[in-house]
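Descriptive analysis of the structure
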Amino acid sequence: MPELPEVEVVRRGVAAHVVDRTVADVEVLHPRAVRKHSAGAGDFATRLTGRRLVAARRRGKYLWLELGDAAEAAASTVAASPKAAGEALLTHLGMSGQLRVQPEHVPDEKHLRVRLRFDGGGDELRFVDQRTFGGLSLASLVSVNDVLVPAPIAHIAPDPLEPAFDREAIAEAVRARRTGIKRALLDQSLISGIGNIYADEALWRAGLHWARPTATLTRPVVRRLLDAVIDVMHDALRAGGTSFDALYVNVNGESGYFDRSLAVYGQSGRECPTCAATVRRDTFMNRSAYTCPGCQPTPRNAHW
DNA sequence: TCCAAGTCCTGTATGC
DNA sequence: TGCATACAGGACTTGG
């Protein structure tokens, strides 16, 4: 599932292949893929056509392509379309979304949802999504603490790889919560970019059980956990992300290999690499939480 | 039929 | 009592 490291890998690929290109044509093959664009698929295609992609940026699991002025596009076919300086093509990959850069002669993927063609032909940018939890939309950019972000994600907190990530402030915010630590880690308005995989891996590295109440954590323990989050993100990024199956690939269709380094996530019944205890799976928020009972003992006052 | 899981929405709880 | 905020849980989705 695409979490922060996987989205960053995709961002780098998109930046290398489609930034500075002008959109010649937009094809929406499944309306659900643009459901967040309230004006509909037709408006999405019309407003995006003729725009130049000037930068690829990311916050947490969201990725966006900043759009240049429509008037800059010499070959624009919709010169009369509304100019929107400070606009972006906002993307979320959901559970199974992929942004693929493909030569135009490559046959369509089974779950191809949106296709962008560019002036001059050549490679296309394709949004492929089996489960359609992800999607694309056009959004205006707003300034949040001197950082320009798309308006729909203005509430999303900085992620652990951003300069704006304030470890001390977040540690205090975590301790002020009255919930379990894993639920807090998954709250994108507190820290962005963490999903189920890296939450479990970071908690294991920090030696904390997922049900530990946030209010019982000391400042040094929360700092240790945030350091574990940062470390696991960097390790996964170096490995090209985590791929369990064909649902996550980079823009060239290649898988990452961080799944080989996972200590607990998806490892129920196997030995913990540190203490050899058997990793267990619990049900948490209608999904899974993996822990090592040796390294991550269940707290007496667990917040189930 | 169940499972995977990120986000949004809604209902409930809490505090002022 | 009423309001604002925090929190919890379900719905959505598709293919194995």
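Computed from a predicted model, the values in this text were never measured in an experiment.

Among the 15 residues in the neighbourhood of DNA strand B, the closest are listed as His92, Met95, Tyr265, Arg281 and Arg287. Atoms of DNA strand B within 4 Å of the protein: sugar and phosphate make up 60%, bases the balance. One of the side-chain nitrogen or oxygen atoms of lysine 61 is found 3.4 Å away from a phosphate oxygen of DNA strand B. A distance of 3.0 Å separates a phosphate oxygen of DNA strand B from a polar side-chain atom of serine 288. Class assignment of the residues belonging to the surface near DNA strand B gives a composition of five nonpolar, five polar and five charged.

It is worth spelling out the protein's contact with DNA strand C at this point. The full set of residues close to DNA strand C is Arg32, His111, Gln130, Arg131, Thr132, Phe133, Arg177, Arg178, Thr179, Arg183, Asn286 and His303. Near-protein atoms of DNA strand C (within 4 Å) split between backbone and bases, with sugar and phosphate holding 74%. Between DNA strand C and the protein, one listed contact pairs a sugar or linking oxygen with a side-chain N or O atom of glutamine 130 at 3.5 Å. Across the surface near DNA strand C, the residue classes break down as one nonpolar, six polar and five charged.

Note that glutamate 6 resides in helix H1 (residues 4–17). Despite its burial, glutamate 6 remains without a salt bridge, the nearest opposite charge being carried by lysine 61 at 8.8 Å. Apart from residues no more than four positions distant in its own chain, glutamate 6 is found in contact with Met1, Tyr198, Gly241, Thr242 and Tyr248.

Next up on the list: the pairing of strand S11 (residues 287–291). Counting buried positions along S11 gives four out of five residues, so the element sits mostly inside the fold. In this structure, the hairpin formed by strand S10 (residues 280–284) and S11 is closed by a connection of two residues, where methionine 285 is found at a positive phi of approximately 55 degrees.

Within the UniProt annotation, "active site" (unreviewed entry) is assigned to Pro2, Glu3, Lys61 and Arg287. Its location among the elements puts lysine 61 in the loop between strand S2 (53–59) and strand S3 (62–67). Its relative accessible area of 16% is what places lysine 61 among the buried residues. Apart from the residues within four sequence positions on either side, lysine 61 is in contact with Pro2, Glu3, Leu4, Val7, Thr91, His92, Gln188, Gly193, Ile194 and Gly195. What makes arginine 287 partly exposed here is its relative accessible area of 46%. The contacts of arginine 287, once residues within four sequence positions are left out, are Asn196, Arg281 and Asp282.

Overall, the coordinates contain two aromatic pairs when judged by the stated rule. Both rings, one in tyrosine 265 and one in tyrosine 290, keep their centres 5.1 Å apart while their planes meet at 70 degrees; by these two values the pair is edge-to-face. Highlighted residues: tyrosine 265 in the loop between helix H6 (219–238) and S10 and tyrosine 290 in strand S11, separated in sequence by 25 residues. Among the residues examined, tyrosine 290 registers a relative accessible area of 11% and is labelled buried.

This part covers the environment of histidine 111. Residue placement: histidine 111 occurs in the loop between strand S5 (97–103) and strand S6 (112–118). Residue histidine 111 is classed as partly exposed on the basis of its relative accessible area, which comes to 22%. The spatial distance from the C-alpha of histidine 111 to the C-alpha of arginine 178 is 41 Å, given a sequence separation of 67 residues. Filtering out sequence-adjacent residues up to four positions away, histidine 111 remains in contact with Phe127, Val128, Asp129 and Gln130.

Bringing the domain arrangement of chain A into the picture now. Structurally, chain A comprises domain 1 (4–153) and domain 2 (167–291). Each of domain 1 and domain 2 was reduced to a C-alpha centroid, and the two centroids are 29 Å apart. Opposite the 21 residues of domain 1 that make contact, domain 2 presents 20 residues. Carbon and sulfur atoms make up 64% of the area that domain 1 and domain 2 hide from each other, which totals about 1600 Å². Between the two partners, domain 1 and domain 2, sit zero salt bridges. Connecting domain 1 to domain 2 are four residue pairs in polar contact (both at pLDDT 80 or more).

So, about the pairing of S5. Within S5, six of the seven residues are buried, which leaves it mostly tucked inside the rest of the structure. The pairing of S5 with strand S7 (residues 123–129) spans seven bridges and is antiparallel. Each residue of the ladder has a partner; that of glutamine 98, found in S7, is valine 128.

Phi angles above zero are rare outside glycine, and aspartate 146 is one such case at about 70 degrees. Among the secondary structure elements, aspartate 146 is positioned in the loop between strand S8 (135–144) and strand S9 (147–150). In this structure aspartate 146 comes out as exposed when scored by relative accessible area, which is 78%. In this structure, asparagine 286 is a non-glycine residue whose phi angle is positive, near 60 degrees. Note on placement: asparagine 286 falls in the loop between S10 and S11. Residue asparagine 286 is classed as exposed on the basis of its relative accessible area of 80%.

Cut-offs and rules
- Residues numbered from 1 in each chain as written.
- Chains lettered and ligands numbered in written order.
- Predicted model: local features only at pLDDT ≥ 70, side-chain atom pairs only at ≥ 80, totals over all residues.
- Heavy atoms only, no water.
- Near = heavy atom within 4 Å.
- Polar contact = N/O pair within 3.5 Å; in protein donor to acceptor, adjacent residues only side chain to side chain.
- Nonpolar A, V, L, I, M, F, W, Y, C, P; charged D, E, K, R; others polar.
- Helix = DSSP H or I, 4+ residues; strand = E, 2+ residues; numbered from the N terminus.
- Buried < 20%, exposed > 50% of the residue type's maximum accessible area, 1.4 Å probe, protein only.
- Lys, Arg positive; Asp, Glu negative; His and termini not counted.
- Salt bridge = Lys/Arg side-chain N within 4 Å of Asp/Glu carboxyl O.
- Contact = heavy atoms within 4.5 Å.
- Pairing = 2+ DSSP bridges.
- UniProt positions renumbered as here; feature names shortened; annotations may be inferred.
- Phe/Tyr/Trp six-rings, centres within 6.5 Å; stacked < 30°, edge-to-face > 60°.
- Domains from an automatic or database assignment.
- Buried area = accessible area lost by both parts, 1.4 Å probe.

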